[in-house]
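These are the residues of each chain, in order.
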Amino acid sequence: MSLPPAPSSDRSDAPTAALARPLRQLALQFAAVLAVLSLAWPYYGFRGEELPWPQTAFAIGAIALLLATLSCQPWWWRILHAIFAPLAWRVAQLQVDPGWFLLAFMLLLLVYRGALSGQIPLYFSSRQTVHALAALTREYHDLRFIDLGAGIGSIVQPLAAARADAFFAAVENAPATWLVGRVRTLATANCTWQWGDFWQADLAAYNVVYAFLSPTPMAALWEKVGREMRPGSIFISNSFAVPGVAAAHEIDVDDHRHTRLYCYRV
């Protein structure tokens, strides 16, 4: 399958666009708060009554859910918008020291940085997926494989251990998962574990590119593949197809997640 020409628009600003997405979610939540309070405060103020915060929090959650649905947000964002205000009110009743919230935020950031900056949650690939990729890449005698958003190395570490004749690379930007993957691959001489943004990785050096991300970045990543990967290379996406592009073939993995690998020949 030939790769269609990439659109003329420059996708080099994809990381910047990804960073803007959380700001849109904050704006949506703020809009819900503003909508509810602009009605509730005058109403209860005119009646001389105290604002009922439990009901107000749930009203904010309902409006946030409505706005998230109308703006076609992914399902996990809709849930977060619906529960954020009620949870914030409930936690406020516990009178927890704010330092604990800061610590919890920092720990989550260490592990789930991709979800915050690019709507890319942390997924773990199954052992069955490793076996499927090993079979798929067995024909490559000069295998140069890179995993974009490699998590803790659940793909590249076992593949590199089994294929001493091949070269593997992994890119991860969440500090905690990067550290775990770095430790796991220390003894694997044919695996390079990189810290950084996969948008900045040069794909021209690899003949197999693997990604397990989310629906959000797939269109932009496909354009990057088209610009950088060489003819005859293969791009493999776990679970998330490239929108509007038919895969050369698909592989159904027999695991609990019913994983499907979408394989695109460049």
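All of these numbers come straight from a predicted model, not from anything done at the bench.

S.K.: What is the right way to read the side chain of serine 126 from this model?
M.R.: Its location among the elements puts serine 126 in the loop between helix H4 (98–118) and helix H5 (127–136). Looking at serine 126, the relative accessible area reads 9%, which means it is buried. Side chain to side chain, serine 126 and aspartate 255 meet in a polar contact 2.7 Å long. When residues no more than four places from it in sequence are discounted, the contact partners of serine 126 are Asp255 and Arg257.

S.K.: In this structure, what is going on with helix H2 (residues 53–70)? I would like to understand it.
M.R.: Between its first and last C-alpha, H2 extends 25 Å over 18 residues, near the 26 Å set by a 1.5 Å rise per residue. Three or more residues of H2 are buried, namely Thr56, Ala57, Ile60, Gly61, Ala64 and Ala68. Looking down the long axis of H2, one finds its buried residues gathered within 140° of arc, a one-sided arrangement. Facing away from the buried side of H2 by over 90 degrees, the exposed positions are Gln55, Phe58 and Leu70. Just downstream of H2, cysteine 72 is the residue with a positive phi angle, here 60°.

S.K.: Even after reading the chapter, I still don't get the nonpolar core, so can you show me in this structure?
M.R.: Among soluble globular proteins, nonpolar side chains are generally buried collectively. In this structure, Phe145, Ile146, Phe235 and Ile236 are the most contacted members of the largest nonpolar core, which totals 50 residues. Of all the elements, helix H8 (residues 218–228) adds the most residues to this core, at 5 residues. Sequence-distant contacts of phenylalanine 145, that is, excluding residues within four places in its chain, are made with Leu133, Ile155, Val156, Leu159, Phe167, Phe168, Ala169, Tyr206, Val208 and Tyr210. In this structure, Ala32, Val36, Ala68 and Ala85 belong to the second largest nonpolar core, which totals 7 residues.

S.K.: Looking at this structure, I do not really get helix H3 (residues 75–93). What am I missing?
M.R.: Over its 19 residues, H3 runs 28 Å from end to end, which matches the ideal 27 Å to within 8%, given 1.5 Å per residue. The sharpest bend along H3 measures roughly 40° and falls at phenylalanine 84, with the proline proline 86 sitting one to four residues further on. All buried positions along H3 are accounted for by Trp77, His81, Ala85 and Pro86.

Conventions we followed
- Residues numbered from 1 in each chain as written.
- Predicted model: local features only at pLDDT ≥ 70, side-chain atom pairs only at ≥ 80, totals over all residues.
- Heavy atoms only, no water.
- Helix = DSSP H or I, 4+ residues; strand = E, 2+ residues; numbered from the N terminus.
- Buried < 20%, exposed > 50% of the residue type's maximum accessible area, 1.4 Å probe, protein only.
- Polar contact = N/O pair within 3.5 Å; in protein donor to acceptor, adjacent residues only side chain to side chain.
- Contact = heavy atoms within 4.5 Å.
- Expected span 1.5 Å × (residues − 1).
- Arc of directions from axis to C-beta.
- Core = buried A, V, L, I, M, F, W, Y, C linked by side-chain atoms within 4.5 Å.
- Bend = angle between axes of the 7 residues up to and from the residue.

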